[in-house]
Every structure is written in structure tokens, then in C-alpha cells.
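Listed here are the chains, written in short residue letters.
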Amino acid sequence: MLTLPEATIHRIGGGSDEDADATLGDLWAQYVADRAPALRDRLILHYAPLVKYVAGRVGSGLPAHVEQADLVSYGTFGLIDAITRYEPSREVKFESYAMARIRGAIIDELRSTDWIPRSVRMRARQFERTVAALESTLRRSPTDEEVAAAMEMDVEEVRKFLGQLSLVNVVALDELLTDDDGGAPRLVDTLQDANALDPQAVAEHGEARQLLARAVEQLPEREKVVVSLYYFEGLTLADIGRVLGVTESRICQLHTKAVLHLRTKLADIA
């Protein structure tokens, strides 16, 4: 399991970890009390390394022409938004909350630029429909050969296409379960309110997790391994390639297939 880098450029206030944590807690208390821009800026400086870390994770699956500095810039807006919205009284660690906001800001900006050709997106929809039809007929996940035959393509053409399609899927598993408008719920909307209970929200969250778990279990073994190592163990695509003894581009193809299969399976289950 990968560990996060220490979310600080320098320890606020210096001294021991206990003193630094106490100083940081006081800083949060002061900021929540008066929302002074100077205090916000100190918090941004303290948590800035989180932006670089998240940008690095997101950028690892993007084409070379996407600048890392741009991702950091997009993510900084997410960090500012997280600091502005965060409530220390909630029993949620700020780093976890901020990483979701940072990642969301980066992905939103990437989607707005949309460098993927229309033809690739059309082929992606054709691929999903083909996989869904084959799964309905075969009662299992189709092989590359079966998908290629159904799409009237060579296997290598399908794999090359999946390599292109991997650039489209700058998403995470938690974004597969979206609402009817295509928007993923904000983390702040899922935080527990200590003064109120929402049984419906609890039930829906549990059901969503069960649906996703069932869909992952139905994936072919190799795709299941890629999903587990990437999303649950925190390995990069290159790391997974070394573990499985294949190229990073092949892992990228398997990851793309897994995401498309999950979309289809979740639609069928739901």
C-alpha cells in the first residue's frame, strides 16, 4: 500500500509533531472564526504538497502533452475550495476530504478542454454496446477476439483502440455511480451530520457499494487484478505492469476494458 507524502512544506510553528498539530488546530479555529484571507493562505501553503501528489496520480495516465504544472494549477483551485468548505467539527480528516476536491477540480478542467476526437468517443459507445450485447448472449465477459469479431476489427486494432480510449477514462470507480445528470456526489454531501440521521442516505450508500463490489467480482480475473492493484493498493499502471510482467500500455488497455465492463455491468445490475 502506498503512503501519502507528508502534507506540508514546513511544519507550522516548528517544534515537535504535537506542538505542530496543536498550532495547526489553532490556525483552523482562527480561520473558521473570521475567514481571514491571510489565514487561508497559510493553510494553502501548508497543504500544497497534497496538490502535487494528486496531480501526479491523475497525470500518470494522461498523454505526454498534458503539462504537470497545469494539473497542479487546476488542483490548487480544488484545495482552495476544500479549505473554504471544510468544517473541522466534522469527524473527517482534512487530507482525505481535500484530495477528493483536488482530484475533482483537475478532472473537471480536463473534461472541459476535451482533447479526445469525436470518432474515438463514438467508437467507445460502440464498444460498450458490443460488450453489453455479447455479455447478454454469452452470459460472461467476452474475449478480445469475440469483441473484435463483433466490431469487424482485428484484435490488434481493438487493442490499439483501447489504448486511445484510455485517454478518455480519467475517472475513478467512485464516479461510475453517478446521478441522472452525470454528476458525482460531492464528498461534503456524504459527511455524517452528528445532529441528524438520514436512513435513506445510509441505505443508498450501502447499496451503491454492494453494486460496485458485485460488478468487480464479475470481471475477468486479469481485469479484476488490475482494478484491485490500481484502486485499492494504490499502484501506478507502470507498477502493475511490472507485477504482471507486461507493458504499461497493455495494463492501460486492461484498465480501460475493466472500466467499460463495469459501466455495462452496473447498468445491468441497477
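Residues numbered from 1 in each chain as written. Predicted model: local features only at pLDDT ≥ 70, side-chain atom pairs only at ≥ 80, totals over all residues. Heavy atoms only, no water.

A.B. asks: Would you take a moment to explain the pattern of salt bridges for this structure?
C.D. replies: Side-chain pairing between opposite charges can occur once the charged atoms of the two side chains come close. A full pass over the atoms with the stated rule returns twelve salt bridges. Each of D144, E156, R159, E223, R250 and K257 takes part in a single network of salt bridges with overlapping partners. (Salt bridge = Lys/Arg side-chain N within 4 Å of Asp/Glu carboxyl O.)

A.B. asks: How should I be thinking about unusual backbone geometry in this particular structure?
C.D. replies: Comment: phi is negative for the bulk of residues other than glycine, and the bulk of peptide bonds are trans. Of note in this structure, R139 is not a glycine but carries a positive phi near 60°. Relative to the helices and strands, R139 resides in the loop between helix 5 (118-138) and helix 6 (144-150). (Helix = DSSP H or I, 4+ residues; strand = E, 2+ residues; numbered from the N terminus.)

A.B. asks: I would appreciate a short explanation of the side chain of S141 in the present structure.
C.D. replies: Its place among the elements puts S141 in the loop between helix 5 and helix 6. What makes S141 buried here is its relative accessible area of 14%. The contact partners of S141, leaving out residues within four places of it in the chain, are E135, Q218, P220 and K265. (Buried < 20%, exposed > 50% of the residue type's maximum accessible area, 1.4 Å probe, protein only. Contact = heavy atoms within 4.5 Å.)

A.B. asks: It is not clear to me how the packing of helix 9 (residues 221-232) against helix 10 (residues 237-244) should be interpreted in this structure. Could you clarify?
C.D. replies: Two measures define how a pair of helices packs: the angle their axes make with one another and the distance between the axes. Look at helix 9 against helix 10: their axes get within 10 Å of each other, and the N-to-C directions meet at 135°. By the angle class used here, helix 9 and helix 10 are oblique. Helix-helix and strand crossings are classified by hand; for helix 9 and helix 10 the assignment is right-handed. Contact with helix 9, carried on its side by R222, V225, V226, L229 and Y230, involves L237, I240, V243 and L244 of helix 10 and no other residues of that element. Classifying every residue of the contact of helix 9 with helix 10 by side-chain character gives eight nonpolar, no polar and one charged. (Axes fitted to C-alpha atoms, helices over the stretch in contact; angles between N-to-C directions. Parallel < 35°, antiparallel > 145°, perpendicular 65-115°, else oblique. Left-handed = near helix turned anticlockwise from the far one by under 90°. Nonpolar A, V, L, I, M, F, W, Y, C, P; charged D, E, K, R; others polar.)

A.B. asks: I'm lost on the UniProt feature "domain: RNA polymerase sigma-70" (unreviewed entry) in the protein in this one. Help?
C.D. replies: The positions UniProt marks with the feature "domain: RNA polymerase sigma-70" (unreviewed entry) are residues 70-83 and 236-262. Helix makes up 100% of residues 70-83 and strand 0%, and the two end C-alpha atoms of the span are 20 Å apart. Between the first and last C-alpha atoms of residues 236-262 the distance is 20 Å; the span itself is 85% helix and 0% strand. (UniProt positions renumbered as here; feature names shortened; annotations may be inferred.)

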